[in-house]
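# Fold and geometry: a report
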Amino acid sequence: MAGHPTIPKTAPFGDEEIALLNRVVGPATATQRAWLAGFLAGLESAAGGAAQTAAPARPAEPITVLYASESGNCERLANDFAKAARKNALKPTLIDMADLDLATLPAIKRLVVIAATWGEGDPPARAVRAFNELMSDRAPRLEGVEFGVLALGDTAYVEFCAIGKKLDERLGKLGARRVADRVDCDLDFAEPAGKWIAETVKTFAPADAANSKVIEVDFTKPAAPPNLDIVEAEITEHLNLNSSRSDKETIHLALSFDGAAPAYEPGDSLDVYAENDPAYVDELLKLAGLSADDKLRNDLIKSRDVTTLSLKTIETYAAQTGHQYVKALIADGQAKEWIAGRQLIDLIATFPIALTADHLRAVTRPLAPRAYSIASSRREVGDEAHLLVSAVRYETHRRARKGVASNFIAERLKKGGRVRVKLRPNRHFALPAPDRDIIMVGPGTGVAPFRAFVQERRATGATGRSWLFFGDRQFTHDFLYQLDWQEALKDGALTRMDVAFSRDTPEKVYVQHKMWEQRRGLIEWLDGGATFYVCGDAKSMAKDVRATLVHVYADVKGIAPETAEQAVAALERDKRYLTDTY
């Protein structure tokens, strides 16, 4: 008996789409297939007018879309590119840079790279291994590969789009041919990225792609995606978890929603849409000579980034105003150094000149939301979401500074008030199977997602063990969620907990020191299949924790540092070393 007909792998669909089509077409009767052929022909006729003689089918051309994403933006853009590519006789394959096998690159003929820059010019945490390999002498030659790079970054940082720029340069040096010019996108990336995708798809598309219509047919009924719209939430709890004698202020914020809470999972975040400090805006307007402009004041408070000072800001200020001393600062190459530790208000105070409302709008950008890890599980708290927010306050250049979103939450939000938020899923920082052990390292507010993890494991009756490393300044004043952890240890939702309070001892003790003390237990858990999580400060803590784990492997296993490094890299490749840092 003949087998079912199948859709060939060369069809202009993704692998998952081909599998879905085979499930429908394969077992269909001859009558059903004839009806489907007529239905599709009818669609074609309706789209293109009179029927034409069909040209012989040609296989879709493969294209690889490689993305390096931290917050998910590059991954979403990669999916947007893939969707557009399928409509243009291309067959896209999406690869997370975390999963890249460098040896496969020379066989790729068309390569699109969409890469984010994180912090001070670093690659996204998951992409570090592959990025370093690509930059090393081990990288293969790439003659015959055509490529284009889309870079995402933040002009608030000196190394704007550094990773995209380095990848673009490196691919060229390895012999690949650039067929699409790189575009560097700031936080408001949607429009330039969309334009780049549209143009680059056309560049890579086969010459006759414009003459061949691709009809997308979706036979599935996919589960409804979570609501990613901006929603309003009511503040039902607003508590400072530090004591009155602490020099820190860390707010536990409980939010309730009109209807069901956003369908978040442990590890996800909420984008908080903050407003600027009215007192800061009033001072800025006074310095600019625009205090009487109420409309501008409202815009600056609600929707413009009035603190960020970047090289782009200074260049725009010079171009808009013609200020000779600002031009000189740029010409002398001193602008980057001058920016350090300063904000927009310093620029206007130091280099005053007659300004208009248009000038101020030109040197500001849209006020972006701030993401905070969700510190709760819906299975325990119901239709609520909890956040943990530390108020950022410091002083530079004899001026007091405040974090925009953190102080909006700490100082101006009150119980009973409302705030706009949006769900930001993070499937790369999720819990493993319920029977797997987890190790969590989260000092300060980095402990937020682990409260969600522990609540989730309690609510689901997970049998895997849970181990938490937490740290802060002082046990008496800064032990965030202390009662929660004591309860979790008592009921078994948390198996063990090690704490480090840096200001309680003559020598500062951090979470990595506690990891070293417990190194034999750590290796025992990891050898047993535990997943290792790190959340918190990316600048030093996350790097120190990883370096410590390498030393732990070397010491306990009695292996060379290079071999220990390979062991931790293997955890990363197996998605058993996961980070959510900021």
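Heads up: these notes are all about the structure in this document. (Residues numbered from 1 in each chain as written. Predicted model: local features only at pLDDT ≥ 70, side-chain atom pairs only at ≥ 80, totals over all residues. Heavy atoms only, no water.)

## Observations concerning the sheet that holds strand β3 (residues 110-116)
The strands making up a sheet associate through backbone hydrogen bonding, with each pair oriented either parallel or antiparallel. Note the threshold: Strand pairing requires that DSSP identify at least two bridges connecting the strands. Starting at the N terminus, helices and strands are each numbered in turn, a helix being any DSSP run of H or I of at least four residues and a strand any DSSP run of E of at least two. In this analysis, axes come from line fits to C-alpha atoms, helices being fitted only over the stretch in contact, and the angle between any two N-to-C directions falls in the range 0 to 180 degrees.
One open sheet accounts for five strands, arranged β2-β1-β3-β4-β5; its pairing is parallel. The open sheet has two edge strands, β2 (90-96) and β5 (177-185), and neither has a second partner. Strand-to-strand twist in this sheet, taken as the mean axis angle between neighbours without regard to direction, amounts to 15°. Strand direction decides the pairing type here: strand β1 (residues 61-68) and β3, joined by five bridges, are parallel. Opposite Val 65, over in β3, you have Val 112 as the bridge partner.

## Observations regarding the pairing of β1
For a regular strand, side-chain orientation follows a simple rule: the groups alternate between the two sheet faces. Heads up, the rule is: Any residue under 20% of the maximum accessible area for its type is buried, any over 50% is exposed, and the rest in between are partly exposed; the area is computed with a 1.4 Å probe on protein chains only. By convention, a crossover is right-handed whenever its connection, traced from the first strand over the helix to the second and viewed with the strands pointing away, goes clockwise.
Counting buried positions along β1 gives six out of eight residues, so the element sits mostly inside the fold. In this structure, β1 lies alongside β2, joined through seven bridges in parallel fashion. Each residue of the ladder has a partner; that of Leu 66, found in β2, is Ile 95. Of the crossover connections in this fold, the one passing from β1 over helix α3 (residues 73-86) to the parallel β2 is right-handed.

## What about the pattern of salt bridges?
Put simply, the rule reads: Each reported salt bridge corresponds to a side-chain nitrogen of Lys or Arg within 4 Å of a carboxyl oxygen of Asp or Glu.
Here the structure, examined in full by the defined rule, presents 43 salt bridges. With a closest N to O distance of 3.4 Å, Arg 110 and Glu 61 form a salt bridge. Here the residue Arg 110 occupies a position in strand β3, and Glu 61 occupies one in strand β1, the gap between them amounting to 49 residues. When its relative accessible area of 17% is taken as the criterion, Arg 110 is described as buried. Note that Lys 402 is salt-bridged to Glu 411, the shortest N-O span being 3.1 Å. With relative accessibility at 39%, the residue Lys 402 sits in the partly exposed group. Owing to a relative accessible area of 26%, Glu 411 belongs among the partly exposed residues under this scheme.

## Let's talk about helix α9 (residues 311-321)
Operational definition: Summarising the geometry, the arc corresponds to the directions from the helix axis toward the C-beta atoms. We call two residues in contact whenever any of their non-hydrogen atoms come within 4.5 Å of each other.
The complete set of buried residues in α9 reads Thr 313, Ile 314, Tyr 317, Ala 318 and Thr 321. The buried residues of α9 occupy an angular sector of 130° when the element is viewed end-on, so they sit on one face. Looking at the packing, one finds that the buried side of α9 touches α10 (324-331), α11 (335-339) and α12 (344-350). Two residues or fewer past α9, Gly 322 is found with a positive phi of approximately 70°.

## Let's talk about the nonpolar core
Quick note on the threshold: Throughout this description, the term nonpolar core refers to a set of buried Ala, Val, Leu, Ile, Met, Phe, Trp, Tyr and Cys residues connected via side-chain atoms within 4.5 Å.
Leu 284, Leu 300, Ile 314, Tyr 317, Leu 347 and Leu 360 are the most contacted members of the largest nonpolar core, which totals 28 residues. If you list the elements that add at least two residues to this core, you get α7 (278-288), α8 (294-302), α9, α10, α11, α12 and α13 (357-362). Excluding residues that lie within four positions of it along the chain, Tyr 317 makes contacts with Gly 322, Val 326, Leu 347, Ile 348, Phe 351, Pro 352, Ile 353, Leu 355 and Val 363. Leu 255, Tyr 264, Ala 385 and Ala 410 belong to the second largest nonpolar core, which has 26 residues in total.

## Thoughts on the packing of aromatic side chains
The condition that has to hold: Pairing of aromatic side chains requires ring centres within 6.5 Å, counting the rings of Phe and Tyr and the six-membered ring of Trp. Pairs whose planes differ by under 30 degrees are stacked, by over 60 edge-to-face, and all others tilted.
Taken as a whole and assessed by the stated rule, the structure comprises 16 aromatic pairs. With a centroid separation of 5.0 Å and an interplanar angle of 80°, the aromatic rings of Phe 453 and Tyr 533 are classed as edge-to-face. Pair noted here: Phe 453 is in helix α16 (residues 448-460) and Tyr 533 is in strand β19 (residues 531-536), with a separation of 80 residues, a long-range link. Of the two residues examined, Phe 453 and Tyr 533, each falls in the buried class.

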